[in-house]
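# Breakdown of the fold
This is what each chain is made of:
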Amino acid sequence: MKFEDMKKIWNEQEQQHQYVIDEQMLQENIQLKKRKGSRIVSKMEWMMILSNLLAGSAILVINYIKPPHNIYVTILGGMMVATTVLIFIKRQHRLKNDNQFNRTMLGDLDHAIKNANYRAHLSFSMLVYFIFVSLLMIGSAFYEGKSMMQLIAITAFCIVVLFLGRWEHRSWHMANKKRLEAFRGKLLAAE
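Residues numbered from 1 in each chain as written. Predicted model: local features only at pLDDT ≥ 70, side-chain atom pairs only at ≥ 80, totals over all residues. Heavy atoms only, no water.

## What about the overall build of the protein?
- Scanning the protein from terminus to terminus reveals four helices and two strands.
- The linear arrangement of helices and strands in the protein, starting from the amino end, is β-β-α-α-α-α.
- In the protein, buried positions account for 35% of the 191 residues.
- Intrachain contacts of the protein at a sequence separation of at least 6 include 71% that bridge at least 24 residues.
- By element, 66% of the accessible surface of the protein is carried by carbon and sulfur atoms, the whole surface being about 12300 Å². (Helix = DSSP H or I, 4+ residues; strand = E, 2+ residues; numbered from the N terminus. Buried < 20%, exposed > 50% of the residue type's maximum accessible area, 1.4 Å probe, protein only. Contact = heavy atoms within 4.5 Å. Areas by Shrake-Rupley, 256 points an atom, 1.4 Å probe, with all protein chains shown as cover.)

## Observations regarding the pattern of salt bridges
- For the structure shown, the criterion picks out seven salt bridges.
- When the shortest N-O distance is used, the salt bridge between Glu45 and Arg94 registers 2.8 Å. Taken together, the residues Glu45 in helix H1 (residues 23-65) and Arg94 in helix H2 (residues 71-96) connect sequence positions 49 residues apart.
- Residue Glu45 is classed as buried on the basis of its relative accessible area of 0%.
- Between Arg103 and Asp108 there is a salt bridge whose closest N-O contact spans 3.7 Å. (Salt bridge = Lys/Arg side-chain N within 4 Å of Asp/Glu carboxyl O.)

## Description of the environment of Leu187
- Structurally, Leu187 is set in helix H4 (residues 148-190).
- For the pair Leu187 and Leu26, spaced 161 residues apart in sequence, the C-alpha separation works out to 9.9 Å.

## Notes on the nonpolar core
- Core analysis: the biggest nonpolar cluster contains 15 residues, and Met48, Leu76, Ile87, Leu122, Met126, Tyr129 and Val133 have the highest contact counts within it.
- Elements supplying a minimum of two residues to this core: H1, H2 and helix H3 (105-143).
- Sorting elements by how many residues they give to this core places H3 first, with seven residues.
- Excluding its chain neighbours within four sequence positions, the residues that come into contact with Tyr129 are Asn52, Met79, Met80 and Thr83.
- With 10 residues, the next largest nonpolar core counts Ile30, Met105, Leu109 and Ala112 among its residues. (Core = buried A, V, L, I, M, F, W, Y, C linked by side-chain atoms within 4.5 Å.)

## Here we look at H4
- The end-to-end C-alpha distance of H4, which contains 43 residues, comes to 61 Å, matching closely the 63 Å that a straight helix rising 1.5 Å per residue would cover.
- Of all the bends in H4, the greatest, near 30 degrees, is centred on Ala175.
- Within H4 the residues assigned to the buried category are Leu151, Cys158, Gly165, His169, His173, Ala175, Asn176, Leu180, Phe183 and Leu187.
- Where H4 is buried, its residues meet H1 and H3. (Expected span 1.5 Å × (residues − 1). Bend = angle between axes of the 7 residues up to and from the residue.)

## A word on the side chain of Asp98
- Along the chain, Asp98 turns up in the loop between H2 and H3.
- Classification of Asp98 as buried rests on a relative accessible area of 12%.
- In this structure, Asp98 is in contact with His111 and Asn115, ignoring residues within four places of it in sequence.

The analysis is restricted to geometry; functional conclusions fall outside its scope.
The structure is reproduced here in structure tokens:
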């Protein structure tokens, strides 16, 4: 429910329109935002956990099966496995603190905002993480003696992915966080 969807009623005493909010519809909308935010965060975490675990493990195994061992690839694989563990720990901490919110309209909205903050922080962390992954990929390509054209292609790929990730962070995660915070401000102003 948007504040623009408020019902307009006529006040006979003051001969003017008044606006009322359907609290049931507002409560359902806030709970929907909370559940949707929790699902998105959970999916993000599991995608990051699985992709980093699979890729990191595969990179480490392949690097140790075929000599010579590339130090950049070893660091990349280790970093991916460590990131898996870190995200799993952060997920457990988030789930443990999920029940600290009261079950009021404002409590549900605060819960949705906390999930949006966490999602934005996770997205930003993955952007920083990708910078390190990119540097290790470029270092590995240089170490293996790839051609200049291949180095340029890898660098261009990393730059494009970084800009797309930045766009996603700003237009999805930060925008959602700001919308929820603005909604909370309107709700508090209406009380």
